[in-house]
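# An overview of the molecular structure
Spelled out from the first residue to the last, the chains are:
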Amino acid sequence: MVYKMNFLKKYFIWVLIIFSINSAYAQREMEKLGRGMIAVRQGKDSVYVGWRILGTEPDDIAFNLYRSTAGGTAVKLNQVVLTKGTNYIDVTANLSLANSYFVKAVLDGKEQEASKAFQLSAQSPIQQYLTLPLRTPAGYTPNDASVGDLNGDGEYDIVLHQTGRGRDNSSNGITDPPIFQAYQLDGTFLWEINLGKNIREGAHYTQFMVYDLDGDGIAEFACKTADGTVDGKGKVIGDSTKDYRNKNGKILDGPEFFTIFSGKTGEALATTDYIPSRGNIGGWGGRGGNGKNDNSGNRADRFNACIAYLDGVHPSVVMCRGYYGRTVLAAWDWREGKLTSRWVFDTKDGRNPYSGMGNHGLSVADVDGDGKDEIIYGSMCVDDNGKGLYTTGLRHGDALHVSDLDPERPGLEVFGVHEIEEGTKGAGAAVYDAKTGEILWHGSEDEDVGRGVADNIDHTRYGAQMWWSGSNGLFDIKGNHVGEAPRSTNFLIYWDADLSRELLDGNHIDKYRGGRLFTANGAVSNNGTKSTPTLSADLFGDWREELILRAYDNQSLRIYTTTIPTEHRNYTLMHDPQYRLSIAWQNVGYNQPPHTGFYFGFGMKKAPKPHIVLVEPKK
């Protein structure tokens, strides 16, 4: 009997060890990308060329760059194999002809197969953007976008939210139906989805996710739907005859759905009831920065959404409702053609310590280092198992930034701003530990702060800096005043040759203490005073980010890329899991810039290799 017990004990221990090893080395399934070749005319006689390194490739990978013309032999442009930055300035091309650029990776001294080429047309204009023509409906404006590989070719495609008349939750009035369109980067139109009259248009309503949810290498599209939604194949969801808009134009009755659509065709693949339902319209207020309540849908119809690797391997989609008081997060899995509920987190009422801790956005990160993601929902954090991890008690806010903001201390940090109004007290801005919620530094006591940003923008200082409306200066992550605050408090972008981040505001990019770097003449930002891009992400080329803005006439998107050479090399940011998930949630609520899951900036160490496996598309 003793022998049997000892055997079982040893067996149990070995099972735990094996399970722990498997968990520790579990690899996240992510999209397999191509080289992302890009070539744009930099001047009358030069071309800027860029390409990406994948997150799974060895550090010593090198490249040879080739150019060919129609009917001509490909010419290698570099005399010595390229081992530094993955960009190149070609000053030898005949730009009266069409030129094609491609690279061959060099491993152990041997060339690999050629990448997909980028075609630069003859007499191409001197401009650093690609033009994507749109089918904008009359009266509509291109707004937020997201990206995913919708056809399995290894390059990103765009899903664009076209907006007509919109209304904030606090306002009455009829809105136009939200419309989504999908395009390839060359302008090829793929599909259109019309959400119908029973989905209201506005920044707080339609949060949409684009991601490969089932591991087939092709992204899906997911969002809240209702009676009358028309999918990309023309099929109607629910009852098209129903109209639930009340006299104020709000939609406070009728069924609410959640739908997974095919990214390839726009076809509705699965539809289920939205969790949570609106229930008692007056049951969504509480103790946030704004502690009031209403029965008009202003608090009931506040939505967020994200993608998270809750099991450490496969992505789940999380649809959320509420943040001023009651808050509900519902996690879903889309696997092998079936949509299943994973878990539901519900604060239920204003007496719950998690009530009123939400934000006009969210972030997703592995805060505790177990390989699984948590959802940072403003002043609270929900664990990968759907249980509350902690709450800081700092209440509702409008801006949130999560990364390794302080590389001198272990783990990730969170910087956020908070609404302090209507007699409430507390910090208007604060930094806290992403794992425990411990408040590390705070400022603007009892002041209502609307906007704030944190990242490494000073290319002479180690670690992140932060500033916010009313901050009266720039602060380091320890809370020390280190300079004047930038004029803009909106977005960020990696654009120039160094590792620090630049300031993106409206249609221009500025260097902190360095002045204007770039202005996108003829293009405009979105969302009023928020001045946010259609999307900013590392879409192609090297590790630096592209900027998507709409043209003034709303008939096209412009995808801008830097033409500044750099010797810094890094794998594509889209293969850092936290950054990639940041792109998925960038369209949500009050759009915020993406962040990596490690410190990226002046004085950084070599970026850690992501623990990922790239999924081959299933044709």
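I will try to describe carefully the structure that is included in this document. Along each chain, numbering runs from 1 in the same order as the chain's sequence is written. Restriction of local features to residues with pLDDT of at least 70 applies here, the model being predicted, together with a cutoff of 80 or more for giving and counting side-chain atom pairs; totals for whole chains, interfaces and linings are based on all residues. Based on all heavy atoms of the structure, the side-chain values leave hydrogens and waters out of the count.

### Re the overall build of the chain
Each helix and strand in the chain was counted, giving two helices and 45 strands. Principal axes of the C-alpha set define a box for the chain whose edges measure 75 × 70 × 55 Å. Each residue's exposure class comes from its accessible area (1.4 Å probe, protein chains only) as a fraction of the maximum for that residue type: buried when under 20%, exposed when over 50%, partly exposed otherwise. Split into buried and exposed, the 619 residues of the chain put 61% on the buried side. Across the chain, contacts joining residues at least 24 apart in sequence account for 60% of those joining residues at least 6 apart. Here the chain displays about 23700 Å² of accessible surface, and carbon together with sulfur accounts for 50% of that area. Strands here are runs of E lasting at least two residues and helices are runs of H or I lasting at least four, both read from the DSSP assignment and numbered beginning at the N terminus. Whether two residues touch is decided by their heavy atoms; if any such pair falls within 4.5 Å, the residues are in contact. Working definition of accessibility: Shrake-Rupley area with a 1.4 Å probe, residue cover restricted to the visible protein chains.

### Here's the deal with the environment of Gln 592
Positionally, Gln 592 belongs in the loop between helix H2 (577-585) and strand E45 (612-615). The exposure class of Gln 592 is buried, given its relative accessible area of 12%. Distance from Gln 592 to Leu 400, taken between C-alpha atoms, is 7.3 Å for residues 192 residues apart in sequence. Among all residues touching Gln 592, those that are not within four sequence positions of it are Asp 398, Ala 399, Leu 400, His 401, Gly 452, Phe 491, Trp 585 and Gln 586. Between N or O atoms, a polar contact is any pair within 3.5 Å; within protein, one atom must be a potential hydrogen donor and the other a potential acceptor, and residues adjacent in sequence are included only when both atoms are from side chains. There is a polar contact of 3.5 Å between the side chain of Gln 592 and the backbone nitrogen of Leu 400. In this structure the side chain of Gln 592 is engaged in a polar contact, spanning 3.4 Å, whose partner is the side chain of His 401.

### Looking at the environment of Tyr 377
Its place among the elements puts Tyr 377 in the loop between strand E26 (374-376) and strand E27 (380-382). You can call Tyr 377 buried: its relative accessible area is 0%. In this structure, the C-alpha to C-alpha distance between Tyr 377 and Val 364, residues 13 residues apart in sequence, is 8.6 Å. Filtering out sequence-adjacent residues up to four positions away, Tyr 377 remains in contact with Asn 304, Cys 320, Arg 321, Gly 322, Tyr 323, Thr 327, Leu 329, Met 357, Gly 358, Asn 359 and Leu 362.

### Quick look at the layout of surface pockets
Here the term cavity refers to a set of points on a 1 Å grid, laid over the protein atoms alone, in which a 1.4 Å probe fits but cannot get out; the term pocket refers to an open set having protein on both sides within 12 Å along at least five of seven lines, with lining residues being those that place an atom within 4 Å of a point. Grid points are joined across faces, edges and corners, and a volume is the space filled by probe spheres set on the points. For the largest pocket, the calculated volume is near 900 Å³. As for the largest pocket, its lining consists of 34 residues, of which Asp 366, Gly 369, Asp 576, Gly 597 and Pro 608 are closest to the centre. Breaking the lining of the largest pocket down by element, the ones donating at least two residues are helix H1 (2-24) and H2. Ranked by residue count, the leading element in the lining of the largest pocket is H1, at three residues. Taken as a whole, the second largest pocket holds about 720 Å³ of empty space. Residue lining of the second largest pocket: 28 residues in total, with Phe 118, Gln 119, Leu 130, Leu 185 and Asp 186 positioned closest to the centre.

### Quick word on the pairing of strand E39 (residues 508-511)
Where burial is concerned, the two faces of E39 agree: the one with His 508 and Asp 510 and the one with Ile 509 and Lys 511 are both buried. One requirement defines pairing of two strands: DSSP has to find at least two bridges between them. Sheet topology note: the strand E38 (residues 502-505)/E39 ladder contains three bridges and is antiparallel. What sits directly across from Asp 505, in E39, is His 508. Taken together, E38 and the strand that follows it, E39, pair antiparallel across an intervening segment of two residues, in which Gly 506 is found at a positive phi of about 65°. Inspection of the sheet shows E39 paired to strand E40 (residues 515-519) by four bridges, in the antiparallel sense. Bridge pairing in E40 links Asp 510 to Arg 516.

### Focus on the side chain of His 401
Tracing the backbone shows His 401 in strand E29 (residues 399-403). By relative accessible area, His 401 is classed as buried at 0%. For His 401, the contacting residues outside a window of four places in its chain are Glu 413, Val 414, Phe 415, Gly 452, Val 453, Ala 454, Gln 592, Pro 593 and His 595.

### With respect to the nonpolar core
Only buried residues count toward a nonpolar core, which is a set of Ala, Val, Leu, Ile, Met, Phe, Trp, Tyr and Cys residues joined through side-chain atoms within 4.5 Å. Counting 97 residues, the largest nonpolar core has Tyr 101, Ile 158, Phe 258, Leu 329, Ile 375 and Ile 559 as its most contacted members. Residues in contact with Ile 559, not counting those within four places in the same chain, are Gln 128, Tyr 129, Leu 130, Leu 132, Ile 158, Leu 185, Leu 539, Phe 540, Glu 546, Leu 547 and Ile 548. Ranked by size, the runner-up nonpolar core spans 18 residues in total, among them Val 210, Ala 219, Cys 223 and Phe 257.

### Quick look at empty space enclosed by the protein
What the rule picks out here adds up to five cavities of 30 Å³ or more. By volume, the largest cavity amounts to about 120 Å³. Asn 198, Ile 199, Arg 200, Tyr 205, Thr 206, Gln 207, Cys 223, Lys 224, Ile 251, Arg 278, Asp 301 and Phe 303 together form the lining of the largest cavity. Its residues assigned to classes, the lining of the largest cavity shows five nonpolar, three polar and four charged. In this model, the second largest cavity occupies a volume close to 50 Å³. Lining the second largest cavity are Ser 403, Asp 404, Leu 405, Asp 455, Ala 464, Tyr 494, His 595, Thr 596, Tyr 599 and Phe 600. Throughout this entry, Asp, Glu, Lys and Arg are counted as charged residues, while Ala, Val, Leu, Ile, Met, Phe, Trp, Tyr, Cys and Pro are counted as nonpolar. The remaining residues, Gly among them, count as polar. Looking at the lining of the second largest cavity residue by residue, the classes come out as five nonpolar, three polar and two charged.

### Some words on the pattern of salt bridges
Whenever a carboxyl oxygen of Asp or Glu lies within 4 Å of a side-chain nitrogen of Lys or Arg, that contact is scored as a salt bridge. For the coordinates displayed, the defined rule picks out 34 salt bridges. Measuring nitrogen to oxygen at the nearest pair gives 3.8 Å for the salt bridge that ties Lys 104 to Glu 111. Judged by relative accessible area, Lys 104 falls into the partly exposed class, the value being 22%. Of the residues examined, Glu 111 reaches a relative accessible area of 35% and is grouped as partly exposed. With a shortest N-O distance of 2.8 Å, Arg 326 and Asp 346 are connected by a salt bridge. With Arg 326 in the loop between strand E22 (316-321) and strand E23 (328-335) and Asp 346 in strand E24 (residues 338-346), the pair connects residues that are 20 residues apart, well separated along the chain.

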